[in-house]
Amino acid sequence: SQQGEEDPQALSIQEGENATMNCSYKTSINNLQWYRQNSGRGLVHLILIRSNEREKHSGRLRVTLDTSKKSSSLLITASRAADTASYFCATAGANNLFFGTGTRLTVIP
Amino acid sequence: KAGVTQTPRYLIKTRGQQVTLSCSPISGHRSVSWYQQTPGQGLQFLFEYFSETQRNKGNFPGRFSGRQFSNSRSEMNVSTLELGDSALYLCASSFEGRVSYNSPLHFGNGTRLTVT
């Protein structure tokens, strides 16, 4: 399966700290995307990194991609209580998009 | 620009019934995808429509079906409901013009279906 797996499954940090979550996948991809989901709501797209890119930034978000290791990481710097959510990686192949199992991030004020 | 709208927000049905969920994509988006989200299985792809044609289908039984109208609005139908169909059903639209995923998906807030 191409489905990504996030690690850790759950993460609890203090406000102001950095949060890092990882995603591993099994087959070759065209791009990898990160989404955020607040409880009971839809997913919100955060960032897309293409297979020929190694790092991408968006505000307090930094995503890295290592295609040789088939892994990606999402770093959220200076976390806020509003960052509390589940974070999913999604791997895009030729004609499919598979979502991982998610990391539940809790930011304690 | 209005976001993706899903109706209804909540639905309670009994086993054996059927249900129809509706999704209105972002204006100009012609691709609509449906996902089922459960605590045990995570996000599972159901199907994707583009210009009224089903372009891709996940591994779900034939009880799950969908369609897309000329205005890009989409519906999905689940017949003969089972307890295991209880889930959050998410619709997502994309500007994507071909079968690839180089554009982000824009999700609605979902329909929470409970089967009793």
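Preceding this section is the structure that the text describes.
All values derive from a computational prediction rather than experimental measurement.

Along its length, chain A carries zero helices and 11 strands. Each helix and strand of chain A, placed in order from N terminus to C terminus, yields the pattern β-β-β-β-β-β-β-β-β-β-β. Computed over its C-alpha atoms, the radius of gyration of chain A comes to 13 Å, within 12% of the 13 Å expected for a compact globule of 109 residues. Principal-axis analysis of the C-alpha atoms places the extent of chain A at approximately 40 × 25 × 20 Å. Within chain A, the fraction of its 109 residues that count as buried is 46%. Sequence separation of at least 24 residues holds for 54% of the intrachain contacts in chain A that already meet a minimum separation of 6. Taken as a whole, chain A presents about 5,000 Å² of accessible surface, with 45% of it coming from carbon and sulfur. Placing the 12 positive and 9 negative side-chain charges of chain A at their respective mean positions leaves the two points 6 Å apart.

Quick look at the interface of chain B and chain A now. The interface is formed by 19 residues belonging to chain B together with 19 residues belonging to chain A. Between chain B and chain A, roughly 1,600 Å² of surface is buried when both sides are summed, and carbon and sulfur atoms account for 50% of that area. For the pair chain B and chain A, the number of links is zero salt bridges. Seen at the junction of chain B and chain A, the total is four residue pairs in polar contact (both at pLDDT 80 or more). Elements supplying a minimum of two residues to the side of chain B that touches chain A: strand 4 (31–38), strand 5 (42–50) and strand 9 (87–94) of chain B. Among the elements that line the side of chain B that touches chain A, the one with the most residues is strand 5 of chain B, at three residues.

Rules used in this analysis
- Residues numbered from 1 in each chain as written.
- Chains lettered and ligands numbered in written order.
- Predicted model: local features only at pLDDT ≥ 70, side-chain atom pairs only at ≥ 80, totals over all residues.
- Heavy atoms only, no water.
- Helix = DSSP H or I, 4+ residues; strand = E, 2+ residues; numbered from the N terminus.
- Rg over C-alpha atoms; globule rule 2.2 N^0.38 Å.
- Buried < 20%, exposed > 50% of the residue type's maximum accessible area, 1.4 Å probe, protein only.
- Contact = heavy atoms within 4.5 Å.
- Areas by Shrake-Rupley, 256 points an atom, 1.4 Å probe, with all protein chains shown as cover.
- Lys, Arg positive; Asp, Glu negative; His and termini not counted.
- Charge placed at Lys NZ, Arg CZ, Asp CG, Glu CD.
- Buried area = accessible area lost by both parts, 1.4 Å probe.
- Salt bridge = Lys/Arg side-chain N within 4 Å of Asp/Glu carboxyl O.
- Polar contact = N/O pair within 3.5 Å; in protein donor to acceptor, adjacent residues only side chain to side chain.

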